[in-house]
Amino acid sequence: MPHQESAEEVVPLLERGIKVVDISADFRLKDASEYQKWYGFSHPAPQLLAEAAYGLTELYRPRIASARLVANPGCYPTGAILALAPVVKEALIEPDIIIDSKSGVSGAGRTLSQQSHYAEANEDISAYALEGHRHLPEIVQELKRLQPGQMASVTFVPHLIPMTRGILTTCYAQPAPGKLAGGKKGAEELQELYLDFYRDEPFVRVVASPPHTRHTSGSNLCLIHPTINPITGKLVIISCIDNLVKGAGGQAVQNMNLMLGFPETAGLQALAIYP
Ligand SMILES: NC(=O)c1ccc[n+]([C@@H]2O[C@H](COP(=O)([O-])OP(=O)(O)OC[C@H]3O[C@@H](n4cnc5c(N)ncnc54)[C@H](OP(=O)(O)O)[C@@H]3O)[C@@H](O)[C@H]2O)c1
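Just so it is clear, the structure is predicted and the values come from calculations on it, not from any experiment.

## Structural notes on the overall build of the protein chain
Here comes step 1: The helix and strand tally for the protein chain stands at 8 helices and 10 strands.
Here comes step 2: Rg of the C-alpha trace for the protein chain: 18 Å, near the compact-globule value of 19 Å for 275 residues, within the 12% margin.
Here comes step 3: Principal-axis analysis of the C-alpha atoms places the extent of the protein chain at approximately 55 × 45 × 40 Å.
Here comes step 4: By residue count, 40% of the 275 residues in the protein chain fall in the buried class.
Here comes step 5: Put simply, 69% of the contacts in the protein chain that link residues at least 6 apart link residues at least 24 apart.

Set out below in structure tokens:
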């Protein structure tokens, strides 16, 4: 459901003892005042914000398993936070981060709008929300939770591209001094760190070459390729998800499985390919 309308439906469900995975943004942000600022409404149940588990399964598995309310992450934050979590948690980068994301048109939902008309979106690519996208506070909140001592400064620029589904995110950051070796050895260390961080994850794969959105289309996978630019020394971390699966309904099922004690991968091994 759309944000704001979802919160009003969720509260009575919780009162009836029903566990909820909310796919809207309504319980993702911990600070109620952010809803006024970014979504233009006053939150109807701010007392639930602290309780809601942020539903990025790979980071909050135990909390999600025991939660009665899970705030399923936004599509852009899922790809961006999974791409950045290992280096932010280990404080391997300077806190000035650039996140460039490209999303297929289904990211805007089915509601009609001029920007998602075929004739507007086809054979076109454009950046939007340069003044600040609604997913920015969510990304910043979660990066800060991974590294509470650091003030993350995040430049997030989303783009709309002419494909049905998928998000490709490229993150750029300066390595913190003295934390990683230079050159090829540094890139290998980085790859090892990511392989280790996501070792037991059923839906995250660290890959040796830049992933394509088609590699995740219809699946609950997130593919991540971390590397270091040999010319500038900057970290470049690329992730791919399907916005409608790991970025939305698939991750919601993954969280539901945990909350109900089912195998985490139940129902998620076949491809979901409509639209
Ligand atoms: N699209 C994505 O990639 C994505 C990813 C992550 C999260 N989300 C979030 O998921 C939510 C839904 O997004 P979407 O892309 O699926 O949007 P959508 O295609 O526009 O669908 C919204 C759905 O909500 C229903 N709805 C609207 N108001 C309702 C109400 N008052 N009571 C019951 N149902 C109502 C609509 O029903 P009708 O069709 O009958 O109007 C429609 O089925 C949003 O909060 C969005 O931010 C979307």
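## Examining the environment of L14
Here comes step 1: With respect to the helices, strands and loops of the structure, L14 is situated in helix α1 (residues 5–15).
Here comes step 2: The partly exposed category is assigned to L14, around which 15 C-beta atoms lie within 10 Å.
Here comes step 3: When the C-alpha positions of L14 and L69 are compared, they lie 7.7 Å apart, and in sequence the two are 55 residues distant.
Here comes step 4: Aside from chain neighbours lying at most four places away, what touches L14 is V20, R68 and L69.

## Here we look at the pairing of strand β6 (residues 153–160)
Here comes step 1: Across 8 bridges, strand β4 (residues 93–103) lies against β6 in parallel orientation. Bridge assignment links I99 to a residue of β6, and that residue is F156.
Here comes step 2: Examined bridge by bridge, strand β5 (residues 126–127) and β6 share 2 bridges and lie antiparallel to one another. Across the sheet, S126 pairs through a bridge with L160, a residue of β6.

## Digging into the site of the ligand
Here comes step 1: For the ligand, the set of nearby residues contains 18 residues, the closest of which are S24, G109, R110, N243 and A248.
Here comes step 2: Across the shell around the ligand, the residue classes tally to 7 nonpolar, 9 polar and 2 charged.
Here comes step 3: Here the shell around the ligand spans two domains, since at least three of its residues come from each of domain 1 (5–73 + 247–260) and domain 2 (75–242).

## With respect to the domain arrangement of the protein chain
Here comes step 1: Entries for the protein chain in the domain assignment read domain 1 (5–73 + 247–260) and domain 2 (75–242).
Here comes step 2: On a C-alpha basis, the centres of domain 1 and domain 2 stand 22 Å from each other.
Here comes step 3: Facing 17 residues of domain 1, the contacting portion of domain 2 comprises 20 residues.
Here comes step 4: Those elements that provide at least two residues to the side of domain 1 that touches domain 2 are α2 (33–39), α3 (57–65) and α8 (245–260).
Here comes step 5: No other element matches the 5 residues that α8 contributes to the side of domain 1 that touches domain 2.
Here comes step 6: Tallied by class, residues from the side of domain 1 that touches domain 2 come to 9 nonpolar, 4 polar and 4 charged.

## Some words on the sheet that holds strand β1 (residues 20–22)
Here comes step 1: Taken together, the 3 strands give an open sheet; going across it, the order is β1-β3-β2, and neighbouring strands pair in parallel fashion. A strand with exactly one partner marks an edge of an open sheet, and here the two such strands are β1 and β2 (53–54).
Here comes step 2: The pairing of β2 with strand β3 (residues 69–71) spans 2 bridges and is classified as parallel. In the sheet register, A53 faces β3, and the bridge partner there is V70.

## Side note on the nonpolar core
Here comes step 1: Counting 61 residues, the largest nonpolar core has V70, A80, I81, L84, C171, C222 and I224 as the members making the most contacts within it.
Here comes step 2: Of the residues forming this core, the biggest block, 10 residues, is contributed by helix α4 (residues 75–89).
Here comes step 3: Built from parts of two domains, this core gets at least three residues from each of domain 1 (5–73 + 247–260) and domain 2 (75–242).
Here comes step 4: Contacts of L84, omitting those with residues within four sequence positions, involve I97, L143, C171 and I237.

What counts, and at which threshold
- Residues numbered from 1 in each chain as written.
- Predicted model: local features only at pLDDT ≥ 70, side-chain atom pairs only at ≥ 80, totals over all residues.
- Helix = DSSP H or I, 4+ residues; strand = E, 2+ residues; numbered from the N terminus.
- Rg over C-alpha atoms; globule rule 2.2 N^0.38 Å.
- Buried ≥ 20, exposed ≤ 12 C-beta atoms within 10 Å, placed from the backbone.
- Contact = placed C-beta atoms within 7 Å.
- Pairing = 2+ DSSP bridges.
- Near = placed C-beta within 6 Å.
- Nonpolar A, V, L, I, M, F, W, Y, C, P; charged D, E, K, R; others polar.
- Domains from an automatic or database assignment.
- Core = buried A, V, L, I, M, F, W, Y, C linked by C-beta atoms within 7 Å.

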